[in-house]
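Architecture and fold: a report
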Amino acid sequence: MRIRIVGAGAMGRGIAQWAASAGHTVELGDVRPEAVTEALDFVASMLDRAVAKGRMPAAERDGAVARLVPLAEPWAAGPEVELVIEAVREDLATKAEVFGKLERALPSSAVFATNTSSLSVTRIAATLQDPSRLAGLHFFNPVPLMRIVEVVPGAATRPEIPALLTGLVEGCGHRAVTVADTPGFLVNHAGRGLVTEALALLEESVADPAEIDRIARDVLGLRMGPFELMDLTGLDVTAAVIDSIWEGFRYEPRLRPSFLTPNRVVAGLHGRKTGRGWYGYGDGVSGPAPESAVTGDAERPVFLAPGGRPETAAYEEALAGSLEAAGVRVERGARPSGRAVVLVPVWGTPVSAAVAAGVGPRERTFGVEVLPSAGRRRVLAVTAAGDPVAARDARAVLARGAEGDEPYAVSVVRDTAGSVAQRLLSSVVAVGCSIAERSLAAPGDIDLAVTTGLGYPYGPLAWGERVGAARMLELQRSLHTTTGDPRHRPTRWITERAALGLALTDPGTSPADCLG
């Protein structure tokens, strides 16, 4: 296929490298001719590096470079061009101008694709004389490494074009997911679950950014915590995406932005690129400060409060066994002794509710996370009535590992409905389920796009299924009842599947399936 790429910036040159390496002839044009030269030199250097590392034969490198065709101007005549991929700046007027010139220069058979990440594909297409020839083809940076592409049909896109683009993407070694033309498409939309809930936890002073990031990594198994991710991406970019998706979905509470971000953006606290974001960078400082040392009496006995709920029963048994294996004296019986710290396994409810129910004395009753940890981290939740000395002792006890094992890291957070990890997970799953229930993408595509594009250990639907639809429903109901915040309300997708015994990953039967 002969492909023309318009825009020789980071995305354009990445797409050019990807397509040429897969055997396509690639024309590259930009309003700045020097940008084309720079892009071709960059692509050649990347291919040279691949040869040096043994990932590409020299002959393949030479063939890919030979298939790169520089253009003096991006809208030159091109009777043999079959596909145009536009990768200019995110501005509707600019994209409309580019496609208008291309429409006059190229044959009507050429398919147009826009690499927009935030603009409506339908609105871009509406500026053309023939809007049916355009669709979205959203790549992620760096293109050769991020092996996922969103195919986004506009309202008027011809039905054969998404299949054509999907075939191209998969023929070049990437995975394609078809997504409805909605704000954020799929990956950016799904990613709001983690970031918006992390900001809500910070708003409520449940934990600071470093502690939330540690829990996200070590309990949930994410490669990067939400605040680390915002610093890497740029808070200015993240805040703009959050706002645009929230506004685009008509102020859906589940996607609500935080009041914390506007002032930080105005102050230039954008993250790594400005030297300071949620963390500081440069001058010998990079990222969060080290965790505080564990102090306290690690010999203090523990009373593990029986939750009496199926959501926590398995965890209670596992934690008791782990603590006993580490030499901790775990008390059995109806009531704690006068010295024991009381640990309450919580699932969607706060520790304060257990204190009010008489589980243990308020000054030495604390919460513990019940989600299985991806790493060696436990989480201790402290109420406003907790005794600091007892809390330090509880942290020291939870840090103990069995003989020969490394000690556990223990995060200390403020009591909240559920826990930090439960709220983050519930939000990730809920946003993914809301995408599925709106039929914006197929369940399998949602999970594929999130694991590939965001690097989560599981897609949101598969992650919820690992917990179980009934348990996820109970978690969301508890969070919603406790807080009264509509952002936590159960999704229809989870409610239905819990009632029907269907997996969260199961697309289910649609009316169209019943029409023969």
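This write-up is about the structure you can find in this document.

What counts, and where the lines are drawn
Residues numbered from 1 in each chain as written. Predicted model: local features only at pLDDT ≥ 70, side-chain atom pairs only at ≥ 80, totals over all residues. Heavy atoms only, no water. Buried < 20%, exposed > 50% of the residue type's maximum accessible area, 1.4 Å probe, protein only. Helix = DSSP H or I, 4+ residues; strand = E, 2+ residues; numbered from the N terminus. Pairing = 2+ DSSP bridges. Right-handed = clockwise from strand over helix to strand, strands pointing away. Contact = heavy atoms within 4.5 Å. Axes fitted to C-alpha atoms, helices over the stretch in contact; angles between N-to-C directions. Core = buried A, V, L, I, M, F, W, Y, C linked by side-chain atoms within 4.5 Å. Salt bridge = Lys/Arg side-chain N within 4 Å of Asp/Glu carboxyl O. Parallel < 35°, antiparallel > 145°, perpendicular 65-115°, else oblique. Left-handed = near helix turned anticlockwise from the far one by under 90°. Nonpolar A, V, L, I, M, F, W, Y, C, P; charged D, E, K, R; others polar. Phe/Tyr/Trp six-rings, centres within 6.5 Å; stacked < 30°, edge-to-face > 60°. Polar contact = N/O pair within 3.5 Å; in protein donor to acceptor, adjacent residues only side chain to side chain.

**Section: the pairing of strand S2 (residues 25-29)**
Look at any regular strand and the pattern is simple: side chains alternate between the two faces of the sheet. Taking burial as the measure, the five residues of S2 include four buried ones, the bulk of the element. Bridge analysis of strand S1 (residues 2-6) against S2 gives five bridges, and the strand direction is parallel. Each bridged residue has a counterpart across the sheet, and for Arg-4 the counterpart in S2 is Glu-27. Viewed along the sheet, the connection from S1 through helix H1 (residues 10-21) into S2 turns out right-handed. In the sheet, S2 pairs with strand S3 (residues 68-70) via three bridges, with the strands oriented parallel.

**Considerations on the sheet that holds strand S15 (residues 377-382)**
Taken in spatial order, the six strands of this open sheet run S12-S11-S13-S14-S15-S16, and their pairing is mixed. Only two strands of the sheet have a single neighbouring strand rather than two, namely strand S12 (330-331) and strand S16 (409-414). As defined by bridge partners, strand S11 (residues 302-304) adjoins strand S13 (residues 341-345) across three bridges and the pair is classed as parallel. When the bridges of S13 are listed, Leu-304 appears paired with Leu-343. Each of S11, S12, S13, strand S14 (365-368) and S15 is contacted by helix H13 (residues 310-325), which is oriented at about 160 degrees to S11, the strand it contacts most.

**Some words on the environment of Ala-59**
Tracing the chain through its elements places Ala-59 in helix H3 (residues 58-66). On the basis of relative accessibility, which here comes to 61%, the residue Ala-59 falls in the exposed class. Along the primary structure Ala-59 and Ala-113 are separated by 54 residues, whereas in three dimensions their C-alpha atoms are 30 Å apart.

**What about the nonpolar core?**
In terms of nonpolar packing, the biggest core is built from 114 residues, with Leu-102, Phe-112, Phe-227, Leu-343, Phe-366 and Leu-424 touching the most fellow members. No other element matches helix H16 (residues 420-437), which puts ten residues into this core. Non-local contacts of Phe-227, meaning those with residues more than four positions away in its chain, are made with Ala-198, Leu-199, Leu-202, Pro-209, Ile-212, Asp-213, Trp-278 and Tyr-279. Of all hydrophobic cores here, the second largest spans 38 residues; its members include Val-26, Val-36, Val-149 and Val-151.

**Considering the pattern of salt bridges**
This structure, assessed with the given rule, holds 30 salt bridges. Residues Arg-32 and Glu-34 are paired through a salt bridge, measuring 3.3 Å at the closest nitrogen-oxygen approach. Taking the relative accessible area as the measure of exposure, Arg-32 reaches 40% and is therefore partly exposed. On the accessibility criterion, Glu-34 (40% relative accessible area) is partly exposed.

**So, the packing of H16 against helix H19 (residues 469-483)**
Contact pair H16 / H19: the axes reach a minimum separation of 11 Å and the direction vectors enclose 110 degrees. Overall, the two elements H16 and H19 adopt an arrangement that is roughly perpendicular. Of the two possible hands of crossing, H16 and H19 adopt the one that is left-handed. Residues Gln-422, Arg-423, Ser-426, Val-429 and Ala-430 of H16 pack against Met-472, Leu-475, Gln-476 and Leu-479 of H19. Its residues placed into classes, the contact of H16 with H19 shows five nonpolar, three polar and one charged.

**Re the packing of aromatic side chains**
Aromatic rings in a pair are described by how distant their centres are and how their planes are angled relative to each other. Throughout the structure, instances matching the rule amount to six aromatic pairs. Where Trp-18 meets Phe-139, the ring centres are 5.0 Å apart and the plane angle is 70 degrees; that geometry is what we call edge-to-face. Placement of the pair is Trp-18 in helix H1 and Phe-139 in the loop between strand S6 (134-138) and strand S7 (148-153), with a sequence separation of 121 residues. Judged on exposure class, the residue Trp-18 and its partner Phe-139 are both buried.

**Looking at the side chain of Arg-377**
Mapped onto the fold, Arg-377 is located in strand S15. Within polar-contact distance, the side chain of Arg-377 engages the side chain of Asp-218 at 2.7 Å. Ignoring any residue separated from it by four or fewer positions in sequence, one finds Arg-377 in contact with Glu-211, Arg-214, Ile-215, Asp-218, Val-219, Glu-291, Tyr-408, Ala-409, Val-410 and Ser-411.

**So, the environment of Gly-367**
Relative to the helices and strands, Gly-367 is located in strand S14. For the pair formed by Gly-367 and Val-412, sequence separation is 45 residues and the distance between their alpha carbons is 9.8 Å. With residues near it in sequence (within four places) discarded, Gly-367 still touches Val-344, Val-351, Val-379, Leu-380 and Ala-381.

**Thoughts on unusual backbone geometry**
Omega for the peptide link from Asn-141 to Pro-142 comes to 0 degrees, which places this bond in the cis form. Backbone geometry places Ser-205, a non-glycine residue, at a positive phi of 60 degrees. Looking at the secondary structure, you find Ser-205 in the loop between helix H8 (192-203) and helix H9 (209-218). The partly exposed category is assigned to Ser-205, whose relative accessible area is 43%. In this structure, Tyr-251 is a non-glycine residue whose phi angle is positive, near 65 degrees. Relative to the assigned elements, Tyr-251 resides in the loop between helix H11 (235-248) and helix H12 (261-266).

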